[in-house]
Each structure stands twice: as C-alpha cells, then as structure tokens.
Amino acid sequence: MKYKDTAEAVFIKRNNRFSADVMIGGVRETVHIKNTGRLKELLTFGRIVILERADNPERKTKYSLIAVRKWNEFVNIDSQAPNACAFEAVSDGRIKEIGLPDTVKREVVYGNSRFDIYYERGGRKGFIEVKGVTLDDNKTARFPDAPTERGRKHLRELEKAVSEGYECSALFVIQMKNIDGFEPNYKTDPDFAEELKRAKEKGVNILAYDCAVNEKTLDIDKKIPVIL
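Chemist: Looking at this structure, I do not really get the environment of Arg152. What am I missing?
Modeler: Along the chain, Arg152 turns up in helix 2 (residues 149-163). For Arg152, a relative accessible area of 13% gives the class buried. In this structure, the C-alpha to C-alpha distance between Arg152 and Val10, residues 142 residues apart in sequence, is 35 Å. Residues in contact with Arg152, not counting those within four places in the same chain, are Asp189, Asp191, Phe192 and Glu195. Within polar-contact distance, the side chain of Arg152 engages the side chain of Glu149 at 2.7 Å.

See below:
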C-alpha cells in the first residue's frame, strides 16, 4: 500500500493514546497517532518519524504519525495498514499458503463475527484475521504489546469457523524487516499465547510475514517462522 503525502519529523513526546508532539520544519506540531498500542520502545524523544498529511483540511490535527525510524530501518505503526496490505497480498496470490483466489473480499460477516478477509479458491472457502505487529524483541517479533481480549475472541471465532468446514488463518503482518521469527508475547498476554496454540491444534493456520517498509509504502514481503 502507498501513502499519498508524507513528511519527516522529529518525535518529542506522546500526549496520550491518540496524539503526540513532533517538530516539523522547525515548528512544534501536535499529530494523531494511528496506533493506540504502547509502542514504548519506538516512540522515544529525538526519533525520526514519518507523518501522513490529512486529506481533510478541517481536521484538528494536520498529520498522522505512521512510521518510526529505528536504526537504519523504518517500522510502520499504522494500525490500519496491515489489513490493506494483507488484502493486496492475498488478492495478488502472494500468500503462498492460500494461493491466487478466485474471489476475495474485506470485512465479511460470518455469524456473529466479522473477519478481515474472505476468499474462495477452487471450491475452498476461507477466512483470514489480520494482526499488525510492531514489537521487535531482539529480532523476534511478538504480539500483542498489551493484553487483548478482542484478539483471543477472534481466535475462538476462527476455531469455530474451522469446525464448520472453512479454511481459517491468523495472519500476523510484521510491519518491519530484519526479523528472524515470530512468537506470541507470553509475558504480556499468556492467555493469548495459549489461545494461539489451541487455535493451531484446532486447525487454524498461524502465519507470519514481514514487510518492506519505507517512507511511503508498506508491502508484505517474506514468510517468517512461527514459534509456538
């Protein structure tokens, strides 16, 4: 996926879950953060960040913070981006476990659930739930960075769909490069980690892919080993 209008800034401080102060062009600006996660290891004073200019000139904040420079690489933190680039990758047949689908749709209701992606291929029908990952623990990507009951609920819903004949996958989109493997965050949310192992035992595919990231794009790239 591509961003239309981006700019570089210097991070000053986070005000709350939704906003931060940055310096851009010598001016201090309050910007929207497109991620409500903790991001403590990324949003630190003096870091170079990437902003996207808002389309709506009437919006209270002119920019949204979408990426952070870590060493010589960028980490995308836009919580809406993983779904968009996952949809592109599935549509193009770049998720090899799924192949090139005949039909692919976003945000499809199934029972009391709404899954991120639905696809059909050669008589097969499946659902994909997408999770963005921004936490790098010594080249191991981990999810979540805060306890998530919603995440556990999604896994249980995927398990139910598998029992009713659907192919189902939990796709972890790692919003960075230079990652050796993916593990659930046992320390932060042991219940999610256990549910993820249970989902795999019940037939849910657990997939992780890293991303090529720069100032203007986020694209799913290579499959990353999953360790449960």
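Chemist: What exactly am I supposed to notice about the sheet that holds strand 12 (residues 167-174) here?
Modeler: The strand order across the open sheet built from 6 strands is 7-8-9-12-14-15, with neighbouring strands paired in mixed fashion. The open sheet has two free edges, formed respectively by strand 7 (103-110) and strand 15 (218-223), since each of these has just one partner strand. Strand-to-strand twist across the sheet, computed as the mean angle between neighbouring axes with direction ignored, equals 40°. Where strand 12 lies against strand 14 (residues 205-213), 6 bridges are found, and the strand directions are parallel. Bridging from a neighbouring strand, Val173 pairs with Tyr209 of strand 14.

Chemist: How do you make sense of the side chain of Asn185 when you look at a structure like this?
Modeler: When you line up the elements, Asn185 lands in the loop between strand 13 (181-184) and helix 3 (190-201). Among the residues examined, Asn185 registers a relative accessible area of 6% and is labelled buried.

Chemist: Can you help me understand helix 2 in this one?
Modeler: Residue pairs spaced three or four apart in an α-helix point in one direction, given the helix's 3.6 residues per turn. Counted at 1.5 Å a residue, the expected span for helix 2 with its 15 residues is 21 Å, and the 22 Å between its end C-alpha atoms agrees. For helix 2, the complete set of buried residues consists of Gly151, Arg152, His154, Leu155, Glu157, Leu158, Glu159 and Ala161. Tucked inside the fold, the buried residues of helix 2 contact strand 7, strand 8 (113-121), strand 9 (124-133), strand 12 and helix 3. Remark: Gly165 follows helix 2 within two positions and exhibits a positive phi of approximately 100°.

Chemist: So what exactly am I meant to see when it comes to helix 3 here?
Modeler: For helix 3, with 12 residues, the first-to-last C-alpha span of 17 Å sits near the 16 Å given by 1.5 Å per residue. Residues of helix 3 that are buried: Phe192, Ala193, Glu195, Leu196 and Ala199. The buried residues of helix 3 occupy an angular sector of 165° when projected down its axis, which confines them to one face. Two residues or fewer past helix 3, Gly203 is found with a positive phi of approximately 105°.

Chemist: Just to check I follow, could you spell out the nonpolar core for this structure?
Modeler: Buried together is how nonpolar side chains tend to be arranged in soluble globular proteins. Leu51, Leu65, Ile77, Phe127, Phe172, Ile174 and Phe182 are the most contacted members of the largest nonpolar core, which totals 42 residues. The leading source of residues in this core is strand 12, at 4 residues. Ignoring sequence-local partners within four residues, the contact set of Leu51 consists of Asp5, Thr6, Ala7, Ala9, Val22, Ile24, Val31, Tyr63, Ser64, Leu65 and Ile66.

Chemist: Whenever I open this one, the pattern of salt bridges confuses me. Can you help?
Modeler: Side chains bearing opposite charge may pair, as long as their charged atoms lie close to each other. Within this structure, the stated rule accounts for 21 salt bridges. With a shortest N-O distance of 2.9 Å, Arg198 and Glu195 are connected by a salt bridge. Highlighted residues: Arg198 and Glu195, both in helix 3, separated by 3 residues, approximately one helical turn. For Glu195, a relative accessible area of 6% puts it in the buried group. Each of Glu149, Arg152, Arg156 and Asp189 takes part in a single network of salt bridges with overlapping partners.

Chemist: Quick question: what am I supposed to make of the sheet that holds strand 11 (residues 140-143) here?
Modeler: Pairing between the strands of a sheet comes from backbone hydrogen bonds, and it takes one of two forms, parallel or antiparallel. A sheet is described by the order of its strands in space; here 3 strands give the open sequence 10-11-13, paired in mixed fashion. The two strands at the open ends of the sheet, each matched to only one other strand, are strand 10 (135-137) and strand 13. Each adjacent strand pair in this sheet contributes to an overall mean axis angle of 40°, direction not counted. Sheet topology places strand 10 next to strand 11; 3 bridges connect them, and they run antiparallel. If you follow Asp136 over to strand 11, its bridge partner there is Ala141.

Definitions and cut-offs
Residues numbered from 1 in each chain as written. Predicted model: local features only at pLDDT ≥ 70, side-chain atom pairs only at ≥ 80, totals over all residues. Heavy atoms only, no water. Helix = DSSP H or I, 4+ residues; strand = E, 2+ residues; numbered from the N terminus. Buried < 20%, exposed > 50% of the residue type's maximum accessible area, 1.4 Å probe, protein only. Contact = heavy atoms within 4.5 Å. Polar contact = N/O pair within 3.5 Å; in protein donor to acceptor, adjacent residues only side chain to side chain. Pairing = 2+ DSSP bridges. Axes fitted to C-alpha atoms, helices over the stretch in contact; angles between N-to-C directions. Expected span 1.5 Å × (residues − 1). Arc of directions from axis to C-beta. Core = buried A, V, L, I, M, F, W, Y, C linked by side-chain atoms within 4.5 Å. Salt bridge = Lys/Arg side-chain N within 4 Å of Asp/Glu carboxyl O.

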